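Coordinate analysis (summary)
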Amino acid sequence: EEGYSTYLIADEVERLLRRHDSSKPFFMYVPFNAVHGPHQAPREVLKKYDGRGAQQAAQLECMDIGIGRILDALEENGFAENTLVIFFNDNGGPRAIGNAPYRGCKGEFYEGGVRVTCTMRWPGEIRPGSSVNEPLHVVDLYPTLIKLAGGSLDQKLPIDGLDAWRTVSRGKPSPRHEIVYNIPGSPRSPVPAIRQGDIKLAGEELFDVVQDPYEKKDLADDYPGKVKELQKRLRELAEQRRQPEEHRGIPGYPTPIYGEEENKPPLPDWLQELAEENKQNAKKKR
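Here's a quick rundown of the structure. Everything numeric in this text was worked out from a predicted model, so none of it was measured.

**Comments concerning the pattern of salt bridges**
Counted according to the given criterion, the structure contains 16 salt bridges. Its salt-bridge partner being E108, residue R95 comes within 2.6 Å of it at the nearest N-O pair. Remark: E108 occurs in the loop between strand 1 (85-88) and helix 4 (111-114) and R95 occurs in the loop between strand 1 and helix 4; sequence separation between them is 13 residues. We note a salt bridge from R176 to D140, for which the minimum N-O separation is 2.7 Å. Taken as a pair, R176 in the loop between helix 6 (165-170) and strand 3 (178-182) and D140 in the loop between strand 2 (118-121) and helix 5 (141-148) lie far apart in primary sequence, 36 residues in all. Across this residue pair, the class does not change: R176 and D140 are buried.

This is the structure in structure tokens:
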């Protein structure tokens, strides 16, 4: 199909909702490409913006339009009142755009890189305009949604997520005490990071992210025992890590693209290594 990808995704959701049997439940995962590269938007939207970040701002408006169309389709097809809608994203924006007033950016473990909004709508279940400032992790969505749908969480392997529905819908304290951002030895970043309660360790720095959400005061020298405790916890988690599987590169595959901003030289070390690995695999196949 020809068209702008963000609008095409909205088209598909509208089509599926029109055809869906209203007597049966449904689950839809709708991952928009926006606002990642290539940074493009229809001309009529792009002309409304100028300066740094104009393309991404236009992309964001187009995604907003697409989400609005999905919400309208839920209403038009009679699903709005008994459908839980969740919107969330994976990380903060790149350094060029910034995440003020939070410190840091995408790829870092300061709050500007890891603290993101999650918005939910469910008429009659979630009070409109309410907000909750409790720590949760995306893995908590799995058990929360399974239990809401009446499913079973019995399975052979342990579940990382926690049922957070009372936190989301009633503002109760989060069941989550710990968030692990990165463990020692990670191939993508050498900086281990973890949060327990209000305290976060990012590399060698320690912050109280409730009292100091903008991470202006490093508490590592004041609480060296806490630093050692969290470092020990990270080492324990690293020992539990499963050995990586062997992966074969796709012959002749081009350098991975995570967006134009990230691919401006110099590339991150892990991306350079992956690109070189792909080249070597392509040579072997020849």
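**Concerning the sheet that holds strand 3**
Taken in spatial order, the 4 strands of this open sheet run 3-4-5-6, and their pairing is antiparallel. Looking at strand neighbours, the two that pair on one side only are strand 3 and strand 6 (205-208), the edges of this open sheet. The mean inter-strand angle of the sheet, taken between neighbouring strand axes irrespective of direction, is 15°. Of the strand pairs in this sheet, strand 4 (residues 193-196) and strand 5 (residues 199-202) are connected by 4 bridges, and their pairing is antiparallel. Across the sheet, Q196 pairs through a bridge with I199, a residue of strand 5. Here helix 7 (residues 224-239) sits on the sheet and contacts strand 3, strand 4, strand 5 and strand 6; the angle it forms with strand 4, its principal contact strand, is near 115°.

**Looking at a negative patch on the surface**
Negative charge collects at one region of the surface, where D72, E75, E76 and E81 lie side by side. Position of E81 among the secondary structure elements: in the loop between helix 3 (54-76) and strand 1. Accessibility expressed as a relative area gives 54% for E81, which makes it exposed.

**A short note on the nonpolar core**
Residues I183, I194, I199, L201, L206, L219, A220, V227, L230, L234 and L237 constitute the largest nonpolar core, which totals 11 residues. Of all the secondary-structure elements, those providing two or more residues to this core are strand 5 and helix 7. It is helix 7 that contributes the most residues to this core, 4 residues altogether. Listed in part, the 10 residues of the second largest apolar core include A34, M63, A73 and L74.

**Considering the environment of V138**
Structurally, the position occupied by V138 is in the loop between strand 2 and helix 5. Taking relative accessible area as the criterion, V138 reaches 44% and is therefore assigned partly exposed. With 20 residues separating them along the chain, V138 and C118 place their C-alpha atoms 9.3 Å apart.

About the cut-offs
Residues numbered from 1 in each chain as written. Predicted model: local features only at pLDDT ≥ 70, side-chain atom pairs only at ≥ 80, totals over all residues. Heavy atoms only, no water. Salt bridge = Lys/Arg side-chain N within 4 Å of Asp/Glu carboxyl O. Helix = DSSP H or I, 4+ residues; strand = E, 2+ residues; numbered from the N terminus. Buried < 20%, exposed > 50% of the residue type's maximum accessible area, 1.4 Å probe, protein only. Pairing = 2+ DSSP bridges. Axes fitted to C-alpha atoms, helices over the stretch in contact; angles between N-to-C directions. Contact = heavy atoms within 4.5 Å. Patch = residues over 30% accessible without salt bridge, like charges linked within 9 Å, V, L, I, M, F, W, Y side chains within 5 Å. Areas by Shrake-Rupley, 256 points an atom, 1.4 Å probe, with all protein chains shown as cover. Lys, Arg positive; Asp, Glu negative; His and termini not counted. Charge placed at Lys NZ, Arg CZ, Asp CG, Glu CD. Core = buried A, V, L, I, M, F, W, Y, C linked by side-chain atoms within 4.5 Å.

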